[in-house]
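# Report on the structure
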Amino acid sequence: MPPTLPPTAAASPGATPRTDPPTANPVLDHLGRAMADYPVTPVRTIHTEIAGIRRTITLKLEGHSPWSSVKGRTALSLIQSVAGELTVPGATIVESTSGNLGLALSAICRELGLRFIAVVDRRQSPIIQQAIEANGGELDWVKTPDDATTHLQDRLARVRELVRDLPHAVWPNQYQNDANWRIHESWTAPEFDAQAGEKAQALFAGVSTGGTLAGLSRHFRRTRPGLRIVAVDVRGSTVFGGVPRPRALTGIGASRRSVFLDAASTDDVLLVDERQAVACCHTLRQDTGIAVGGSSGAVLVGCLEYLYRNPEVRHALCLCPDLGDHYGPTVYHPAWLDRMGLPAEADRLRHRTGAACTGFQSVDDTPSTTSAPSEEDIPR
Ligand SMILES: Cc1ncc(COP(=O)(O)O)c(C=O)c1O
């Protein structure tokens, strides 16, 4: 595997982006420029009272990025790792993705003039599907029923078929490729570290492949040895083992173990209830105007539960993988809430937010930068 290019100086807030010297590979040159142009994603700080104690939570909003999620960084790194195979005519990237990674890969492949096939299942957000197609990506569907637990296995089997049958097909393989976590260690994590403030005591992040958390953990174990690192997953996912059960949220969870995480990566693993995660999204949006995706709601619920049990933790960090704008037809739609057995009114959802949390206050001076999601909001 080619070595990972160092992230550009854009990794540190306030630093001047550096332009890397041209290489012999135009794909690498393009990716280097995309990293140099990538914005520092913002943080927003909120307060909440848990178990009678005021707590501070810093949310890193990865949705404010070119392809709308933390997976933009992963996509750049994955393509970089296979760049040597992409310079032949007809090179095609094939990847199994439930959404955000596919969106980022489709946009980058369009810029590079590469064919891209996303192997997807029916649970994926229709907004993300449309965006992948608008970018010229092709969707290859597996027909796994919604209530099955084999979506991922079925997608991976289909990827293997495509790679076997298509000439010049390249599979970056987000589930096995170390380029996945390395980029978060060298880029996402130092950026968050610089924004986090000195008093942060615990970090919370969701898991699917485990790449984001593995990278964050490797960095923060070095720079802040006292920081507690907590993985958040949803019940029914088997990233940390157990028996798979049907799940409704996309992005977070998987029906296989993460190969990137080991016992040393985390201090705690929390499995949260998906309905609480959804309720938390609505409470956060109503109180602060910040609309996040369902997996960020799960991360926040995990954080609230942890704060409830650990009164000494006053300042927590949460990595929020995306915003609410992809979830107008799901997390923020009354019919979807009804199917989840949830009421549509934020006031009634508030009581399901968990950890006796009654609400949030935004403490930033900056106005809300997230808007209420709409079905027309198709990311490009
Ligand atoms: C929407 C979304 N994107 C990305 C991630 C991170 O996934 P991974 O563990 O594959 O890095 C998550 C995990 O919660 C997520 O929900």
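Fair warning: this is a prediction, and the values are worked out from it, not measured in the lab.

## Focus: the sheet that holds strand β5 (residues 138-141)
With parallel pairing, four strands are arranged side by side in an open sheet as β5-β4-β3-β6. Pairing within the sheet leaves two strands with one partner each, and these edge strands are β5 and β6 (169-170). Bridge count for strand β3 (residues 92-96) against strand β4 (residues 115-120) is five bridges, and the pairing is parallel. Note that in β4 the partner of S96 across the bridge is V119.

## Structural notes on helix α5 (residues 151-165)
Here α5 spans 21 Å end to end across 15 residues, near enough to the 21 Å set by a 1.5 Å rise per residue. Among the residues of α5, H151, L152, R155, L156, V159 and L162 are the ones counted as buried. For α5, the angular spread of the buried residues around the axis is 125 degrees, confining them to a single face. Opposite the buried face of α5, at more than 90 degrees from it, the exposed residues are R164 and D165. Lining the buried residues of α5 we find β3, β4, β5 and β6.

## Here we look at the nonpolar core
Core analysis: the largest hydrophobic core is formed by 47 residues, its most contacted members being I57, L59 and F204. Residue contributions to this core peak at eight residues, all from helix α9 (residues 294-309).

## A short note on the confidence of the model for the chain
Per-chain confidence: the chain averages 88 in pLDDT, with 89% of residues scoring 70 or above. Between residues 1-18, whose pLDDT stays under 50, and residues either more than four places distant or in other chains, the model counts 37 contacts. Residue range residues 365-380 is modelled with pLDDT below 50. Its contacts to residues more than four positions away, or to other chains, number 43 contacts.

## A word on helix α8 (residues 274-288)
The periodicity of an α-helix, 3.6 residues per turn, causes residues three or four places apart in sequence to face the same way. Over its 15 residues, α8 runs 21 Å from end to end, which matches the ideal 21 Å to within 8%, given 1.5 Å per residue. Turning to α8, its buried residues number three or more, namely E274, A277, V278, A279, C280, C281, H282, T283, L284 and T288. Among the residues of α8, the N-terminal cap falls to D273, whose side-chain oxygen and the backbone nitrogen of R275 are separated by 3.1 Å. Among the residues trailing α8, G289 stands out with phi positive, at a value near 80 degrees.

## Points about the packing of aromatic side chains
Under the counting rule described, the total for this entry stands at four aromatic pairs. Every member of this aromatic cluster is reached through a ring pair, and the members are Y38, W67 and W187. Directly above the aromatic system of W187 lies the positively charged group of R73, at a separation of 4.9 Å from the ring centroid.

## Digging into the pairing of strand β7 (residues 202-206)
Burial analysis of β7 places five of its five residues in the buried class, the great majority of the element. At this point the chain moves from β7, through helix α7 (residues 211-223), to the parallel strand β8 (residues 228-234), and the crossover so formed is right-handed. In this sheet, strand β10 (residues 315-320) lies alongside β7 in parallel orientation, the contact comprising three bridges. Note on β10: the bridge partner recorded for L203 is L317.

## Focus on the site of the ligand
Every one of the 15 residues lining the ligand counts as a neighbour, but K71, S208, T209, T212 and S295 are closest to it. Here an oxygen atom of the ligand and a side-chain polar atom of T209 are 2.6 Å apart. Within the side chain of S295, an N or O atom sits 2.6 Å from an oxygen atom of the ligand. Of the residues that constitute the shell around the ligand, the class distribution is four nonpolar, nine polar and two charged.

## A short note on the sheet that holds strand β2 (residues 53-61)
Paired through backbone hydrogen bonds, the strands of a sheet run either parallel or antiparallel to each other. If you trace the seven strands from one edge of the open sheet to the other, you get β9-β8-β7-β10-β2-β1-β11, paired in mixed fashion. Edge strands, defined here as strands with exactly one partner in the open sheet, are β9 (268-272) and β11 (361-362). Pairing of β7 with β8, which is carried by five bridges, proceeds in the parallel orientation. Looking across to β8, one finds that L203 is bridged to I229.

## Quick look at the packing of helix α3 (residues 100-112) against helix α4 (residues 126-134)
Think of two packed helices as two axes; the pair is described by the angle between the axes and how far apart they sit. The contact between α3 and α4 brings their axes to 8 Å, and the two run at 15 degrees. By the criterion of interaxial angle, the relationship of α3 to α4 is roughly parallel. You can see that α3 and α4 cross each other, and the crossing is left-handed. From α3, N100, G102, L103, S106 and R110 reach across to α4, where they touch I128, A131, I132 and A134. Here the residues of the contact of α3 with α4 are counted per class, giving five nonpolar, three polar and one charged.

Conventions adopted
Residues numbered from 1 in each chain as written. Predicted model: local features only at pLDDT ≥ 70, side-chain atom pairs only at ≥ 80, totals over all residues. Heavy atoms only, no water. Pairing = 2+ DSSP bridges. Helix = DSSP H or I, 4+ residues; strand = E, 2+ residues; numbered from the N terminus. Expected span 1.5 Å × (residues − 1). Buried < 20%, exposed > 50% of the residue type's maximum accessible area, 1.4 Å probe, protein only. Arc of directions from axis to C-beta. Contact = heavy atoms within 4.5 Å. Core = buried A, V, L, I, M, F, W, Y, C linked by side-chain atoms within 4.5 Å. pLDDT = per-residue confidence, 0-100. Polar contact = N/O pair within 3.5 Å; in protein donor to acceptor, adjacent residues only side chain to side chain. Phe/Tyr/Trp six-rings, centres within 6.5 Å; stacked < 30°, edge-to-face > 60°. Lys NZ or Arg CZ within 6 Å of the ring centre and 35° of its normal. Right-handed = clockwise from strand over helix to strand, strands pointing away. Near = heavy atom within 4 Å. Nonpolar A, V, L, I, M, F, W, Y, C, P; charged D, E, K, R; others polar. Axes fitted to C-alpha atoms, helices over the stretch in contact; angles between N-to-C directions. Parallel < 35°, antiparallel > 145°, perpendicular 65-115°, else oblique. Left-handed = near helix turned anticlockwise from the far one by under 90°.

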